[in-house]
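The residues making up each chain are set out below.
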Amino acid sequence: FASGRSTALVLDSGATTTIAAPVHDGYVLQKSLNKHDIGGDTVIERLRAHVEKRLEKPIVPPYEVTVSVDSNMNRTYETVSYPHTHPRYATYARKLVLKDMKETICKVAENPAEIPRDEKVEYVLPDGKTLPFDDSRYQVSECLFTSTMEGPDPAAFKGIHHMVLDAINKADLDLRKELLSSIVVTGGNTLLPGFIDRLQRLSLIHI
């Protein structure tokens, strides 16, 4: 209703879950709802593995870094160890850095076969080191649009675009055209640059 539509396909892709829910006259069609446990945390985990492989160690969390600035505005970074920090807090602090990294540099390629190879960006880590990214900024988000399993299992995740089309195809035949022409997207992952372009290209839908 907030979007001015009473009938639409709502795609909600959040931190842990992605849901494609057909809505008719304000009611969710439960039998057609499509849900998978994949979302922003999946992208963050892929990003973490990529970054730690590049650094050959975990990210230094912000609370372990002190920064001093001299009269010429030059910054000096110093790492301080806190051995009694609870491991869960350390994991949480690193995840916040990765979340910011995802939101800052990650993009979705409209066509994965044409990912720009010469497009380079840098991310400044909490300890002042810079980490360059090339096509890897696109690769880590591919998990949202590619299958996680092989085989004929109908419950296997095949990509968000397949979730949308499967949910629409489960709805009554006379609703499918209206659902296909009225897609509402929400959730943090849909804000990734290129997400909607990729979804439209693969699903031939109107958002």
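Up top is the structure.
Residues numbered from 1 in each chain as written. Predicted model: local features only at pLDDT ≥ 70, side-chain atom pairs only at ≥ 80, totals over all residues. Heavy atoms only, no water.

Asks: So what exactly am I meant to see when it comes to the overall build of the chain here?
Replies: The number of helices and strands found in the chain is 6 helices and 9 strands. The principal-axis extents of the C-alpha atoms in the chain amount to approximately 70 × 40 × 40 Å. Expressed as a percentage of its 207 residues, the buried residues of the chain come to 37%. Where the 25 positive side-chain charges of the chain centre and where its 28 negative ones centre are 2 Å apart. (Helix = DSSP H or I, 4+ residues; strand = E, 2+ residues; numbered from the N terminus. Buried < 20%, exposed > 50% of the residue type's maximum accessible area, 1.4 Å probe, protein only. Lys, Arg positive; Asp, Glu negative; His and termini not counted. Charge placed at Lys NZ, Arg CZ, Asp CG, Glu CD.)

Asks: Explain the nonpolar core to me, please; I cannot follow it from the model alone.
Replies: One recurring pattern in soluble globular proteins: nonpolar side chains tend to sit buried together. In this structure, Leu-47, Val-51, Met-101, Phe-133, Leu-144, Ile-160 and Phe-195 are the most contacted members of the largest nonpolar core, which totals 37 residues. Of all the secondary-structure elements, those providing two or more residues to this core are strand 1 (8–13), helix 1 (40–55), helix 2 (87–105), strand 8 (130–133), helix 4 (160–170), helix 5 (173–180) and helix 6 (195–203). Among the elements that take part in this core, helix 4 stands out by supplying 5 residues, more than any other. When sequence neighbours within four positions are dropped, the list of residues in contact with Phe-133 reads Leu-47, His-50, Val-51, Met-101, Ile-105, Glu-119, Lys-120, Val-121 and Tyr-123. (Core = buried A, V, L, I, M, F, W, Y, C linked by side-chain atoms within 4.5 Å. Contact = heavy atoms within 4.5 Å.)

Asks: Teacher, can you tell me more about the packing of helix 4 against helix 5 here?
Replies: The relative placement of two packed helices is expressed as an angle between their axes plus a distance between the axes. Packing of helix 4 against helix 5 leaves a shortest axis separation of 8 Å and a crossing angle of 145 degrees. Contacts between helix 4 and helix 5 involve Leu-165, Ile-168 and Asn-169 from the first element and Arg-176, Leu-179 and Leu-180 from the second. Taken together, the residues that form the contact of helix 4 with helix 5 break down as 4 nonpolar, 1 polar and 1 charged. (Axes fitted to C-alpha atoms, helices over the stretch in contact; angles between N-to-C directions. Nonpolar A, V, L, I, M, F, W, Y, C, P; charged D, E, K, R; others polar.)

Asks: What is the right way to read the pairing of strand 6 (residues 75–79) from this model?
Replies: Walk down a regular strand and you will see the side chains alternate between the two sheet faces. Within strand 6, only 0 of the 5 residues are buried, leaving the element largely exposed. The pairing of strand 5 (residues 65–69) with strand 6 spans 5 bridges and is classified as antiparallel. Residue pairing for strand 6: Ser-68 is matched across the bridge by Thr-76. Between strand 5 and the antiparallel strand that follows it, strand 6, lie 5 residues; Met-73 among them carries a positive phi value of about 65 degrees. (Pairing = 2+ DSSP bridges.)

Asks: Help me understand helix 1 in this model?
Replies: Residues spaced three or four apart along an α-helix point in a common direction, a consequence of the helix completing one turn every 3.6 residues. Its 16 residues place the ends of helix 1 22 Å apart at the C-alpha level, agreeing with the 22 Å of an ideal helix rising 1.5 Å per residue. For helix 1, the set of buried residues is Gly-40, Val-43, Ile-44, Leu-47 and Val-51. Angular distribution of buried residues about the axis of helix 1 spans 95 degrees; they occupy a single face of the element. For helix 1, the elements touching its buried residues are helix 2 and strand 8. Among the residues trailing helix 1, Glu-56 stands out with phi positive, at a value near 65 degrees. (Expected span 1.5 Å × (residues − 1). Arc of directions from axis to C-beta.)

Asks: Can you walk me through the state of the cysteines in this structure?
Replies: Here, disulfide denotes a covalent bond that connects the sulfur atoms of two cysteines. Here the structure, examined in full by the defined rule, presents 0 disulfides. Counting only cysteine sulfurs, Cys-143 is the nearest neighbor of Cys-106, a cysteine outside any disulfide, at a range of 9.4 Å. When its relative accessible area of 1% is taken as the criterion, Cys-106 is described as buried. A relative accessible area of 6% places Cys-143 in the buried class. (Disulfide = S-S within 2.5 Å.)

Asks: Would you explain the pattern of salt bridges in this entry?
Replies: Opposite charge on two side chains makes pairing possible when the charged atoms of those side chains draw close. Per the stated rule, a full pass over the model turns up 9 salt bridges. Between Asp-172 and Lys-31 there is a salt bridge, with its nearest N and O atoms 3.3 Å apart. Of the two residues, Asp-172 sits in the loop between helix 4 and helix 5 while Lys-31 sits in the loop between strand 3 (27–28) and strand 4 (34–36), which places them 141 residues apart along the sequence. Classification of Asp-172 by relative accessible area gives partly exposed; the value is 39%. In this structure, Asp-41 and Lys-95 form a salt bridge, with 3.2 Å as the shortest nitrogen-oxygen distance. Placement of Asp-41 in helix 1 and of Lys-95 in helix 2 is noted, with a sequence separation of 54 residues between them. Of the residues examined, Lys-95 reaches a relative accessible area of 36% and is grouped as partly exposed. (Salt bridge = Lys/Arg side-chain N within 4 Å of Asp/Glu carboxyl O.)

These figures capture arrangement, not role.
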